[in-house]
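# Structural overview for review
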Amino acid sequence: MHIKRGKTLALAVLAAGLVTAGLPGPAQAAPAPTATPLSLPAVADVVSAGDRVFVSGGPSSTDVVVASATGAVVGTLSGLPGPSDLLLSADRQTLYVALPTANAVAAFDTGTLVESARYDTGAGECPSSLALTGRYLWFGYGCGGWDGNIGRIDLGRQPARVTTGLDTGSGFYGAPLLTAASQNRSVLLAGQPGLSPASAYTYTIGAGGVLSAPGTNEFMAIGSNLRDIALDPTGATVFTASGAPYEVQAFPFADITTPSATYRTGAYPNAVEVSRDGTRIAGGADASYEPDVFVFSPGGTELAHFELDDELSPGALAWAPNGARLYAVSDDWTGARPVTLHVLPVPAA
């Protein structure tokens, strides 16, 4: 077939246009991490509601700092007795704050920042950790000296009903760490922090919020000096961050015997957080002069890492609901530098 010269040129120009249209444009620079100093003496926890981020100051503080999604301070929840663990409702419209020095849990509207309720935990003294499964708000309590246990606030009743002493055999030294699965209301995970060897306890939640007899890990399976725990959204996988070994570990919820995956963080892992969709695992450590925060795939591949100015505070990691940002809070134990909120842009899974 013979093609005239004019047609040949036209086809060549058309082809060149198609090729040009298919080429990618200039690469967009990834957002840079930011760091915002906070007026807090220490840090206990951080959570993200999407448009707002909340950072609590712990037992020696009276404040929860409120920041924008990009880290700018926009307000303060003040006058609180020792605000410690933070927890958001499933719709992110309510912030629960553990108040161990007041033996209470407070609830705030995340939009208006107005306190909407305060629950007296009664005999559950020093409530320090929180978890939520539907209508049940769980709290780990204990002031130290083998008085730790698990309590429950039934938010489905008016007035809400508080029940304590729900674990009958684990023997927690102080307030256990608690966490629940966002997509599974039938499981609860508790951890014994600070002891060696470390222990984690798995529960199923029955009718009326009754806890099953706990399952636990094999001796030394999760190492020593547990600092943080997490569950994947379905509640099938347990994650632990302990002072040793030098990696975050994952275990099947049904059998905490042998890790199903590990995430290398370097010395003294102290935080672990799973993204809302379960596709990325954030892990942190408080070792100096090394990256402090890491992002992994569930299988253990490192996707990103970040170096903070100071050491990551235990458990002070939080994903933005859309997974575009990771929030980390660092502090300087000497007090020479302020508590700092870091906003870390992270790659998509």
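Residues numbered from 1 in each chain as written. Predicted model: local features only at pLDDT ≥ 70, side-chain atom pairs only at ≥ 80, totals over all residues. Heavy atoms only, no water.

### Some remarks on the overall build of the chain
As a reminder of what qualifies: A run of DSSP states H or I qualifies as a helix once it reaches four residues; a run of E qualifies as a strand once it reaches two. Both are numbered from the N-terminal end. For the exposure calls, accessible area comes from a 1.4 Å probe over protein chains only, and a residue counts as buried if that area is under 20% of its type's maximum, exposed if over 50%, partly exposed in between. Contact definition: two residues touch when any of their heavy atoms are within 4.5 Å. Residue exposure ignores everything except the shown protein chains as possible cover, and the areas themselves are Shrake-Rupley values with a 1.4 Å probe. We score Asp and Glu as negative and Lys and Arg as positive, and we do not count His or the chain ends. Charged side chains are reduced to one point each, which is NZ for Lys, CZ for Arg, CG for Asp and CD for Glu.
A tally of regular secondary structure across the chain gives 1 helix and 28 strands. Reported as C-alpha extents along the three principal axes, the dimensions of the chain are approximately 95 × 45 × 45 Å. When each of the 349 residues of the chain is scored for burial, the buried share is 51%. In the chain, 42% of the contacts between residues at least 6 apart in sequence involve partners at least 24 apart. For the chain, the exposed surface amounts to about 15,600 Å²; the carbon and sulfur share of it is 54%. On the chain, the mean spot of the 17 positive side-chain charges and the mean spot of the 29 negative ones are 16 Å from each other.

### Focus: the side chain of His 342
The following threshold applies: Any pair of nitrogen or oxygen atoms within 3.5 Å is treated as a polar contact; in protein, a donor-acceptor pairing is required on top of that, and neighbouring residues in sequence qualify only through side-chain atoms on both sides.
Following the sequence through the fold, His 342 ends up in strand β28 (residues 339-345). Classification of His 342 as buried rests on a relative accessible area of 5%. Of note is the side chain of His 342, whose polar atom sits 2.8 Å from the side chain of Ser 330. Not counting chain neighbours up to four residues away, the residues in contact with His 342 comprise Thr 34, Ala 35, Leu 308, Asp 309, Leu 326, Tyr 327, Ala 328 and Ser 330.

### Things to note about unusual backbone geometry
Cis geometry is adopted by the peptide bond preceding Pro 159, which originates at Gln 158 and carries an omega value of 0 degrees. The linkage connecting Ala 244 with the following residue, Pro 245, adopts the cis geometry, with an omega of 5 degrees. Counting through the fold element by element, Pro 245 comes out in the loop between β19 (237-244) and β20 (247-252). Positive phi, close to 65 degrees, is recorded for Leu 113, a residue that is not glycine. The exposure class of Leu 113 is partly exposed, given its relative accessible area of 22%. One non-glycine residue with positive phi stands out, namely Asn 225, at about 55 degrees. Mapped onto the elements of the fold, Asn 225 is located in strand β18 (residues 224-231).

### As for the state of the cysteines
The test is simple: A pair of sulfur atoms, both from cysteines and within 2.5 Å, is called a disulfide here.
Under the criterion given, the structure shown has 1 disulfide. Residue Cys 126 pairs covalently with Cys 143 via a disulfide, S to S 2.0 Å. Between Cys 126 and Cys 143 the disulfide shows an S-S torsion of about 95 degrees. By sign, it is right-handed. On the criterion of sequence distance, the pair formed by Cys 126 in the loop between β9 (115-120) and β10 (127-133) and Cys 143 in the loop between β11 (136-141) and β12 (149-154) is long-range, its members being 17 residues apart.

### Things to note about the confidence of the model for the chain
Keep this limit in mind: In predicted models, pLDDT denotes the confidence assigned by the predictor to each residue on a 0 to 100 scale.
Residues with a pLDDT of 70 or more make up 91% of the chain, whose mean pLDDT is 91. Confidence drops under a pLDDT of 50 for residues 1-28, and excluding neighbours within four residues, the segment shows 1 contact in the predicted structure.

### What to know about the sheet that holds β20
Note the following rule: Two strands pair if DSSP finds at least two bridges between them. Convention adopted: a line fitted to C-alpha atoms gives each axis, helices being fitted over their contacting stretch, and angles between N-to-C directions are expressed from 0 to 180 degrees.
The 4 strands are arranged β18-β19-β20-β21 in an open sheet whose pairing can be described as antiparallel. With partners counted over all chains shown, the strands left at the sheet margins are β18 and β21 (261-264), one partner each. Adjacent strand axes in the sheet meet at a mean angle of 25 degrees when their direction is disregarded. In the sheet, β18 pairs with β19 via 6 bridges, with the strands oriented antiparallel. The residue bridging Leu 231 from the neighbouring strand is Val 238, located in β19.

### Some points on the environment of Val 295
Counting through the fold element by element, Val 295 comes out in strand β24 (residues 293-296). Filtering out sequence-adjacent residues up to four positions away, Val 295 remains in contact with Arg 280, Ile 281, Thr 301, Glu 302, Leu 303, Ala 304, Phe 306, Trp 319, Leu 326 and Val 346.

### Topic: the packing of aromatic side chains
Keep this limit in mind: The rule is short: rings of Phe, Tyr and Trp, with Trp giving its six-membered ring, pair when the centres are within 6.5 Å, and they are stacked under 30 degrees, edge-to-face over 60, tilted in between.
Under the definition given, this model contains 8 aromatic pairs. Aromatic pair Tyr 263 and Phe 296: ring centres 5.4 Å apart, planes at 55 degrees, arrangement tilted. Taken as a pair, Tyr 263 in strand β21 and Phe 296 in strand β24 lie far apart in primary sequence, 33 residues in all. Both residues of the pair, Tyr 263 and Phe 296, belong to the buried class.

### Quick word on the nonpolar core
The test is simple: The definition of a nonpolar core used throughout is a set of buried Ala, Val, Leu, Ile, Met, Phe, Trp, Tyr and Cys residues joined through side-chain atoms within 4.5 Å.
Core analysis: the largest hydrophobic core is formed by 17 residues, its most contacted members being Leu 38, Val 46, Val 55, Tyr 327, Val 329 and Leu 341. Sort the elements by how many residues they give to this core and β28 lands first, with 3 residues. With residues near it in sequence (within four places) discarded, Tyr 327 still touches Val 46, Ser 48, Val 53, Ala 69, Ala 316, Leu 317, Ala 318, Ala 320, Leu 341, His 342 and Val 343.

### Notes on the pairing of strand β22 (residues 269-274)
Within β22, 5 of the 6 residues are buried, which leaves it mostly tucked inside the rest of the structure. Pairing geometry for β22 and strand β23 (residues 281-285), over 5 bridges, is antiparallel. What sits directly across from Pro 269, in β23, is Ala 285. The hairpin formed by β22 and β23 contains 6 residues between the paired strands, and Gly 278 there has a positive phi angle of roughly 80 degrees.

### Observations concerning the environment of Gly 144
Assignment of secondary structure puts Gly 144 in the loop between β11 and β12. Given the relative accessible area of 29%, Gly 144 is considered partly exposed. Taking C-alpha positions, Gly 144 is 9.1 Å from Cys 126, a pair spaced 18 residues apart along the chain. Beyond its immediate chain neighbours, meaning those up to four positions away, Gly 144 contacts Tyr 173 and Gly 174.

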